[in-house]
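Summary of structural features
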Amino acid sequence: MSGAGTTSGGAVPTPEELERLAGEAEAAIAAAGDRAAWEAVRVHWAGARQGRLRELQALIPRAADRKMFGQAFNRLKSRVEAALEARDAELARAEIAARASEARVDVTLPGRRPPTGSLHPVTLVLAEIEEIFRGLGYSVAEGPEVEEDRFNFGLLNFPDDHPARDAQDTLFLEDGRLLRTHTSPVQVRTLLARRPPIRVICPGRVYRNDNDLRHSPMFHQVEGLCVAEGITVGDLKGTLEAFLTRLFASDTKVRLRPSYFPFTEPSCEVDISCQLCHGTGCPTCSGTGWMEILGAGMVDPRVLENCDLDPDRYSGFAFGLGLDRVAMNKWGIPNIRSLFESDERLLRQVRG
Ligand code: PHE
């Protein structure tokens, strides 16, 4: 096929030669096996600057019969373009088919596990505490978070000028109600609503105007209340020991220290032996070997009277503890705010 490959600058090809070139181009284009080969053959024939079609077009002015050469060139050009377009469509279809077969499900691959949620540390601690007290015959009682002064303070024997009522500690609403500062109002509500024997625990959110590493303006407490005939400090101590040696390590030691609450008499703070050093003293327990865990006491006779119960007949004990502190303790969480920031990493850590 002389001259076919040396058209530029050389002899002007005849219409028959252009016809043959068209066949050659069609064969080369049809043979392009993939995108890269198609692109190479396109540039070779139809490339805007140095493509063969460009070179041949440049020869038109030199042809002996320009009209005939021009027509033969146009036929060549449209055959090349049609061939490129057809091959392009074929390759596109093949690519789609290849992608579809790649996407086929391989049933032999191990499955992908959907991420599972987990319960919040405070929820876990509460569930454990509820379980322990259910075993001791207690039921769960709840009350409102927006409380009346008399339930949060008055009936609990807080004097009118008690500093806890101070706006610095208590968050008051405009209508005179307040956000409960402890779960003890549920103690009063229960005593007013039921007759002894009473055994309840009262979990819930409480609020105080307090905010630092160890304090959040919202936190969680559980209150415990037991009122019946003949309840003594011995019952309080035995119950707390049973409770705390289940919630914490079974060899945990419990100690009561005298304290004061308006609604209990006598009152005490309850410490457990440090869970980290087992009582020998470490930085977590400031070297004392003890950790303060809850407040407790015998229900003040005046609170019983306020709730229409005869203090000569009935007695009882109450205690309250912070759930968040227990959770921080159990999982070594140093900052209380981590509990309320909804950071999934914390949940993953608790799930272990
Ligand atoms: N209500 C007390 C507090 O919030 C805790 C407590 C409850 C103390 C019951 C004694 C008895 O600090």
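Criteria and cut-off values
Residues numbered from 1 in each chain as written. Predicted model: local features only at pLDDT ≥ 70, side-chain atom pairs only at ≥ 80, totals over all residues. Heavy atoms only, no water. Helix = DSSP H or I, 4+ residues; strand = E, 2+ residues; numbered from the N terminus. Buried < 20%, exposed > 50% of the residue type's maximum accessible area, 1.4 Å probe, protein only. Contact = heavy atoms within 4.5 Å. Areas by Shrake-Rupley, 256 points an atom, 1.4 Å probe, with all protein chains shown as cover. Lys, Arg positive; Asp, Glu negative; His and termini not counted. Charge placed at Lys NZ, Arg CZ, Asp CG, Glu CD. Disulfide = S-S within 2.5 Å. Domains from an automatic or database assignment. Near = heavy atom within 4 Å. Polar contact = N/O pair within 3.5 Å; in protein donor to acceptor, adjacent residues only side chain to side chain. Nonpolar A, V, L, I, M, F, W, Y, C, P; charged D, E, K, R; others polar. Pairing = 2+ DSSP bridges. Axes fitted to C-alpha atoms, helices over the stretch in contact; angles between N-to-C directions. Core = buried A, V, L, I, M, F, W, Y, C linked by side-chain atoms within 4.5 Å. Expected span 1.5 Å × (residues − 1). Arc of directions from axis to C-beta. Patch = residues over 30% accessible without salt bridge, like charges linked within 9 Å, V, L, I, M, F, W, Y side chains within 5 Å. Salt bridge = Lys/Arg side-chain N within 4 Å of Asp/Glu carboxyl O. Parallel < 35°, antiparallel > 145°, perpendicular 65-115°, else oblique.

1. Points about the overall build of the chain
Looking only at helices and strands, the chain features eleven helices and nine strands. Burial status across the chain gives 40% buried among its 352 residues. The long-range fraction of contacts in the chain, counting pairs at least 24 apart against all pairs at least 6 apart in sequence, stands at 66%. Here the chain displays about 19500 Å² of accessible surface, and carbon together with sulfur accounts for 52% of that area. Once the 43 positive and 50 negative side-chain charges of the chain are each reduced to a mean point, those two points are 10 Å apart.

2. Brief notes about the state of the cysteines
If you walk through the whole model with that rule in mind, you get zero disulfides. Here C274 is not disulfide-linked; the sulfur of C277 is the nearest cysteine sulfur, at 3.6 Å.

3. Here's the deal with the domain arrangement of the chain
According to the domain assignment, the chain consists of domain 1 (15-103) and domain 2 (121-351). Taken over C-alpha atoms, the centre of domain 1 sits 86 Å from the centre of domain 2.

4. A short note on the site of the ligand
Among the 13 residues in the neighbourhood of the ligand, the closest are listed as H182, S184, R208, Q221 and G320. Within the side chain of H182, a nitrogen or oxygen atom sits 3.0 Å from a nitrogen atom of the ligand. Q221 places a side-chain nitrogen or oxygen 2.9 Å from an oxygen atom of the ligand. Surface burial for the ligand is 90%, taken as the share of its 320 Å² of free accessible area covered by protein chains. The set of elements that each furnish at least two residues to the shell around the ligand consists of β5 (218-229), β8 (290-299) and β9 (314-322). If one sorts the elements of the shell around the ligand by residue count, β9 sits on top with three residues. Here the residues of the shell around the ligand sort into five nonpolar, six polar and two charged.

5. What to know about the sheet that holds strand β4 (residues 198-207)
What the seven strands build is an open sheet, ordered β1-β4-β5-β9-β8-β7-β6; its pairing is mixed. One side of each edge strand has no neighbouring strand; the edge strands of this open sheet are β1 (139-140) and β6 (254-261). By the bridge criterion, seven bridges tie β6 to strand β7 (residues 264-273) in an arrangement that is antiparallel. Bridge assignment links S259 to a residue of β7, and that residue is S267. Sheet contacts for helix α8 (residues 233-247): β6, β7, β8 and β9; angle to β8, the most-contacted strand, approximately 145 degrees. Relative to β9, helix α10 (residues 323-331) is tilted by about 50 degrees, and along the sheet it contacts β5, β8 and β9.

6. A look at the nonpolar core
Grouped together as the largest cluster of nonpolar side chains are 42 residues, with contacts concentrated most on I129, F243, L244, V270 and L294. Those elements that provide at least two residues to this core are α5 (121-135), β5, α8, β7, β8, β9 and α10. Considering every element that reaches this core, the biggest residue donor is α5, with six residues. Once you skip the residues sitting within four places of it in the chain, I129 turns out to touch I201, V222, F243, L247 and L323.

7. A closer look at α8
Here α8 spans 21 Å end to end across 15 residues, near enough to the 21 Å set by a 1.5 Å rise per residue. Within the span of α8, buried status applies to L236, T239, L240, F243, L244 and L247. Buried residues along α8 cover an arc of 120 degrees about the axis, so they all sit on one side. Summarising the contacts, the buried residues of α8 are in contact with α5, β6, β7, β8, β9 and α10. Residue T232 occupies the N-cap position of α8, its side-chain oxygen lying 3.1 Å from the main-chain nitrogen of G234.

8. Side note on unusual backbone geometry
Omega for the peptide link from P196 to P197 comes to 0 degrees, which places this bond in the cis form. Topologically, P197 is positioned in the loop between α7 (184-193) and β4. The omega torsion across E265 and P266 is -5 degrees, close enough to zero to call that bond cis. Tracing the backbone shows P266 in strand β7. Its identity as a non-glycine residue notwithstanding, H278 has a phi of 55 degrees, on the positive side. By the secondary structure assignment, H278 is in the loop between β7 and β8. Residues other than glycine seldom take positive phi values, yet S342 does so here, at roughly 55 degrees.

9. Quick notes on a negative patch on the surface
A cluster of like negative charges, contributed by D166, D169, D210 and D212, occupies part of the molecular surface. What makes D212 partly exposed here is its relative accessible area of 33%.

10. Quick look at the packing of helix α1 (residues 15-30) against helix α4 (residues 66-102)
Relative orientation of the contacting elements α1 and α4 amounts to 5 degrees, with a least axis distance of 9 Å. If you check the angle between α1 and α4, you find them roughly parallel. Facing P15, L18, E19, L21, A22, G23, A25, E26, I29 and A30 of α1, the residues of α4 in contact are M68, F69, A72, F73, L76, R79, V80, A83, L84 and R87. Considered class by class, the residues forming the contact of α1 with α4 number 15 nonpolar, one polar and four charged.

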